[in-house]
Amino acid sequence: MASQQRIESLLKALEVPDLNVEVPQVSDEEGFLEALEAAICSFIEDSDDHKSPLGMIEADPSAYDLSDEPDADELQNAVRDFMNAGDSQLSLITPDSPHQPDGGESPHRFWVFLLEMPTLSEHRWWAIVDKNGRNQTYNYGVI
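Residues numbered from 1 in each chain as written. Predicted model: local features only at pLDDT ≥ 70, side-chain atom pairs only at ≥ 80, totals over all residues. Heavy atoms only, no water.

For this particular structure, what's the right way to read the overall build of the chain?
If you tally the helices and strands in the chain, you get four helices and five strands. Listing each helix as α and each strand as β along the chain from the N terminus yields α-β-α-α-α-β-β-β-β. Rg of the C-alpha trace for the chain: 14 Å, near the compact-globule value of 15 Å for 143 residues, within the 12% margin. If you line up the chain on its principal axes, its C-alpha atoms span 45 × 30 × 25 Å. For the chain, with 143 residues in total, the buried portion stands at 48%. Put simply, of all contacts in the chain between residues at least 6 apart along the chain, 56% involve residues at least 24 apart. When the accessible surface of the chain is summed, it comes to about 7,500 Å², and 42% of that surface belongs to carbon and sulfur atoms. Looking at charge distribution, the chain has the averaged site of its 8 positive side-chain charges lying 10 Å from that of its 29 negative ones. (Helix = DSSP H or I, 4+ residues; strand = E, 2+ residues; numbered from the N terminus. Rg over C-alpha atoms; globule rule 2.2 N^0.38 Å. Buried < 20%, exposed > 50% of the residue type's maximum accessible area, 1.4 Å probe, protein only. Contact = heavy atoms within 4.5 Å. Areas by Shrake-Rupley, 256 points an atom, 1.4 Å probe, with all protein chains shown as cover. Lys, Arg positive; Asp, Glu negative; His and termini not counted. Charge placed at Lys NZ, Arg CZ, Asp CG, Glu CD.)

What's the story with the packing of helix α1 (residues 4-13) against helix α2 (residues 29-45) in this structure? I'm lost.
When two helices pack together, you describe them by how their axes are tilted relative to each other and by the distance separating the axes. Across the interface, α1 lies against α2 with an axial gap of 11 Å and an inter-helix angle of 25 degrees. What the angle tells us is that α1 and α2 run roughly parallel. The two elements α1 and α2 meet at a crossing, and its hand is right-handed. Counted together, Arg6, Ile7, Leu10 and Leu11 of α1 and Glu29, Glu30, Phe32, Leu33, Leu36, Glu37 and Ile40 of α2 form the full contact between these two elements. A per-class count over the contact of α1 with α2 returns seven nonpolar, no polar and four charged. (Axes fitted to C-alpha atoms, helices over the stretch in contact; angles between N-to-C directions. Parallel < 35°, antiparallel > 145°, perpendicular 65-115°, else oblique. Left-handed = near helix turned anticlockwise from the far one by under 90°. Nonpolar A, V, L, I, M, F, W, Y, C, P; charged D, E, K, R; others polar.)

Looking at this structure, how should I read the pairing of strand β2 (residues 89-93)?
Within a regular beta strand, the side chains point alternately toward one face of the sheet and then the other, so they alternate between its two faces. In terms of burial, β2 is a largely internal element, four of the five residues being buried. Here three bridges tie strand β1 (residues 20-22) to β2, and the two strands are oriented parallel to one another. Looking at β2, one finds that Val21 is bridged to Leu90. Looking at chain direction, β2 and strand β3 (residues 110-116) are connected through five bridges and run antiparallel. Residue Gln89 lies in a different strand from β3, and its bridge partner there is Glu116. (Pairing = 2+ DSSP bridges.)

Can you walk me through the packing of α2 against helix α4 (residues 72-83) in this structure?
Interaxial distance between α2 and α4 falls to 8 Å at its minimum, and their mutual angle equals 125 degrees. Between α2 and α4, the angle is such that the two are oblique. Across the interface between the two elements, Ile40, Phe43, Ile44 and Glu45 of α2 pack against Gln76, Val79, Arg80 and Met83 of α4. By residue class, the composition of the contact of α2 with α4 is five nonpolar, one polar and two charged.

How should α2 be read in this particular structure?
Side chains that are three or four residues apart share a direction in an α-helix, a result of its 3.6 residues per turn. With 17 residues, α2 should reach 24 Å at 1.5 Å per residue; the first-to-last C-alpha distance of 24 Å fits that figure. For α2, the set of buried residues is Gly31, Phe32, Leu33, Ala35, Leu36, Ala39, Ile40, Cys41, Ser42, Phe43 and Ile44. (Expected span 1.5 Å × (residues − 1).)

I tried to follow the packing of aromatic side chains on my own but got confused; where do I start?
The relation between two aromatic rings is expressed through the spacing of the ring centres and the mutual angle of the planes. For the structure on display, the rule yields four aromatic pairs. A network of ring pairs unites the aromatic residues Phe32, Trp111 and Phe113 as a single cluster. (Phe/Tyr/Trp six-rings, centres within 6.5 Å; stacked < 30°, edge-to-face > 60°.)

Just to check I follow, could you spell out the pattern of salt bridges for this structure?
Oppositely charged side chains can pair when the atoms bearing their charge come close. Scanning the model with the defined rule gives three salt bridges in all. One salt bridge in this structure joins Glu29 and Arg6, with 3.0 Å as the shortest N-O distance. Taken together, the positions of Glu29 in helix α2 and Arg6 in helix α1 put the pair 23 residues apart, joining distant regions of the chain. Salt-bridge contacts for Arg124 lead to Asp102; the nearest nitrogen and oxygen are separated by 2.8 Å. One end of the pair, Arg124, is in strand β4 (residues 124-130); the other, Asp102, is in the loop between β2 and β3, with 22 residues separating them in the sequence. By relative accessible area, which is 42% here, Asp102 ends up partly exposed. (Salt bridge = Lys/Arg side-chain N within 4 Å of Asp/Glu carboxyl O.)

The following block contains the structure:
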């Protein structure tokens, strides 16, 4: 398993120190840590999917007590606030996990992460990181 200390350092650097991360045994610790960073950054910075955490907040900023026209930093900090709410959990999905991504991505080919943030919504969010680095990391939400 990736060392808890390295995970905690990464979470602090990304300003989400209170995000609970559940990690099963991984054989490629460096690859996992890189994928973890890419997944968290995707959730914070990528709103291509309108049901992504950032996409939901961008669509209706007033519902989240943000200004009428929030800038990128304000929106991203709102996502971080939900990640740090204390009840948010990010899990690495393996081929044996009971939950599999709604988009059908294979945990053999991708690092697949499931994010649950009950304080924001009952949605499940998936981040997909290509293990070979050929495809860009993306995320999407599902009710």
